[in-house]
Amino acid sequence: MTATLTKPIIVPQYANGVIQLYTPDPSTGAPTLDNKYTVNVTTSILNTLFPGQSRIGAPNAVMLHGNDLFFTNSSAGSSQAVIELPNYLNNPAAAIANPFVVTLDGNDYVGLAFDAAGHLYTAEGNFGDNQIVRYTLPTTPPTTGKAGDNYVTGTKTVIGDAGATSYFGDLTFDSSGNLWVADYLNSRVVAFNAANLGGTDTWHSITDVAGSLAVANTTSGLTAPTAHLFAQPEGVAFDSTASSADLWAGKN
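Since the model is a prediction, treat every value here as computed from it, not as a measurement.

Visitor: So what exactly am I meant to see when it comes to the sheet that holds strand S7 (residues 81–85) here?
Guide: In a beta sheet, neighbouring strands pair by backbone hydrogen bonds and run either parallel or antiparallel. Here four strands make up an open sheet; going across it, the order is S5-S6-S7-S8 and the pairing antiparallel. Looking at strand neighbours, the two that pair on one side only are strand S5 (59–65) and strand S8 (100–103), the edges of this open sheet. Strand-to-strand twist across the sheet, computed as the mean angle between neighbouring axes with direction ignored, equals 30°.

Dropping the structure here:
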């Protein structure tokens with residue numbers, strides 16, 4: 001089966017250390033690579049920000065905020081950071097040449113999401129034990145990227161781990177501003193209430209149910225009942241911004 005696109009998509013390739021943008025072919029919708037947006041994270045970004053340190057590119061999540069591209073670099077050791085490429089959509093060459101570090105405050109950054117006010121949310125911590133945190137970005141980013149720049153230091157708010165040792169992956173907001181997060185470790189999806197984010201956080205957990213659930217799927221071999229609603233979920237997304245949007249979860 002060949003995938004088709006209806007709009008451009010930005011893809012982080014963790015193992016290959018690159019970020020690429022694909023557009024739909026006008027006739028077939030087939031993914032078409034646009035080379036001018038390709039980012040070699042090791043040579044173009046990490047060698048610029050951390051010269052001589054031999055850091056390894058392993059982009060794990062990407063998120064656009066306006067025309068700026070944010071991504072997490074999640075390779076083992078000292079390469080972990082959240083990095084921004086300013087004005088990536090309009091001028092990718094300049095953006096790739098002028099990256100800067102958003103935060104080096106934590107480690108093992110995974111998913112990314114922005115709320116309506118422009119706060120950056122990420123899953124941050126240790127492998128197998130992380131939490132959701134919120135960063136408030138300055139209105140004016142640095143003009144140059146330097147390895148020591150951690151330009152949101154002091155504006156970090158811990159949202160938490162939703163009552164259990166968790167390993168959160170993907171993050172997404174619904175139309176009401178509630179934050180939904182996939183918890184790989186506990187096979188659940190957690191929703192943090194919009195009204196309490198960053199305060200006395202409240203949350204709701206959708207977990208596996210007893211017994212089997214019917215599976216509606218047109219793919220042969222995937223039509224039998226399943227005992228797990230969420231089995232090590234890694235990705236979550238809504239298919240529209242409307243209040244009637246459906247939530248999709250990617251499972252292992």
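Visitor: What's the story with the sheet that holds strand S9 (residues 112–114) in this structure? I'm lost.
Guide: Ordered by their spatial adjacency, four strands build an open sheet running S9-S10-S11-S12, and the pairing between neighbours is antiparallel. The open sheet is flanked by S9 and strand S12 (156–160), the only strands paired with a single partner. Strand-to-strand twist of the sheet, defined as the mean angle between neighbouring strand axes without regard to direction, takes the value 35°. Note: strand S10 (residues 120–126) against strand S11 (residues 129–135), seven bridges, orientation antiparallel. Looking across to S11, one finds that Thr-122 is bridged to Val-133.

Visitor: What exactly am I supposed to notice about the pattern of salt bridges here?
Guide: Side chains that differ in sign of charge can pair as their charged atoms come close. What the rule picks out here adds up to three salt bridges. Lys-36 is the salt-bridge partner of Asp-34, the closest N and O atoms lying 2.8 Å from each other. The exposure class of Asp-34 is buried, given its relative accessible area of 18%. For Glu-124, the salt bridge goes to Lys-156, with nearest N and O atoms at 2.6 Å. Of this pair, Glu-124 sits in strand S10 while Lys-156 sits in strand S12; the two residues are 32 residues apart in sequence, bridging distant segments of the chain.

Visitor: Just to check I follow, could you spell out the nonpolar core for this structure?
Guide: Considering soluble globular proteins, one finds that nonpolar side chains tend to be buried as a cluster. Core analysis: the largest hydrophobic core is formed by 20 residues, its most contacted members being Ile-19, Val-39, Ile-45, Phe-71, Ile-83, Leu-85 and Tyr-88. For this core, the secondary-structure elements that each account for two or more residues are strand S2 (18–24), helix H1 (41–49), strand S6 (68–73), S7 and helix H2 (92–97). For this core, the element with the highest residue contribution is H1, accounting for four residues. Not counting the four nearest positions on each side in its chain, Ile-45 is found in contact with Val-39, Asn-40, Phe-71, Ile-83, Leu-85, Ile-96 and Pro-99. Counting 16 residues, the second-largest nonpolar core is a separate cluster that includes Tyr-121, Phe-168, Val-181 and Phe-192.

Visitor: Would you take a moment to explain the packing of aromatic side chains for this structure?
Guide: Aromatic ring pairs are described here by two measures, namely the spacing of the ring centres and the angle between the planes. By the definition in use, this model includes five aromatic pairs. Between Tyr-37 and Tyr-88, the aromatic rings sit 5.4 Å apart at their centres with planes inclined by 65°, giving edge-to-face as the arrangement. Of the two residues, Tyr-37 is situated in the loop between strand S3 (31–33) and strand S4 (39–40) and Tyr-88 in the loop between S7 and H2; the sequence distance between them amounts to 51 residues. A single burial state applies to Tyr-37 and to Tyr-88, both of which are buried. Consider the rings of Trp-180 and Phe-238, whose centres lie 5.6 Å apart with planes at 80°: the pair is edge-to-face. One end of the pair, Trp-180, is in strand S14 (residues 179–183); the other, Phe-238, is in strand S17 (residues 235–238), with 58 residues separating them in the sequence. A relative accessible area of 17% places Trp-180 in the buried class. Seen from the ring of Phe-50, Arg-55 lies directly overhead, with NZ or CZ sitting 3.8 Å from the centre. It is Arg-188 that lies over the ring of Trp-203; its NZ or CZ is 5.8 Å from the centre.

Here is what the cut-offs are and how they apply
Residues numbered from 1 in each chain as written. Predicted model: local features only at pLDDT ≥ 70, side-chain atom pairs only at ≥ 80, totals over all residues. Heavy atoms only, no water. Pairing = 2+ DSSP bridges. Helix = DSSP H or I, 4+ residues; strand = E, 2+ residues; numbered from the N terminus. Axes fitted to C-alpha atoms, helices over the stretch in contact; angles between N-to-C directions. Salt bridge = Lys/Arg side-chain N within 4 Å of Asp/Glu carboxyl O. Buried < 20%, exposed > 50% of the residue type's maximum accessible area, 1.4 Å probe, protein only. Core = buried A, V, L, I, M, F, W, Y, C linked by side-chain atoms within 4.5 Å. Contact = heavy atoms within 4.5 Å. Phe/Tyr/Trp six-rings, centres within 6.5 Å; stacked < 30°, edge-to-face > 60°. Lys NZ or Arg CZ within 6 Å of the ring centre and 35° of its normal.

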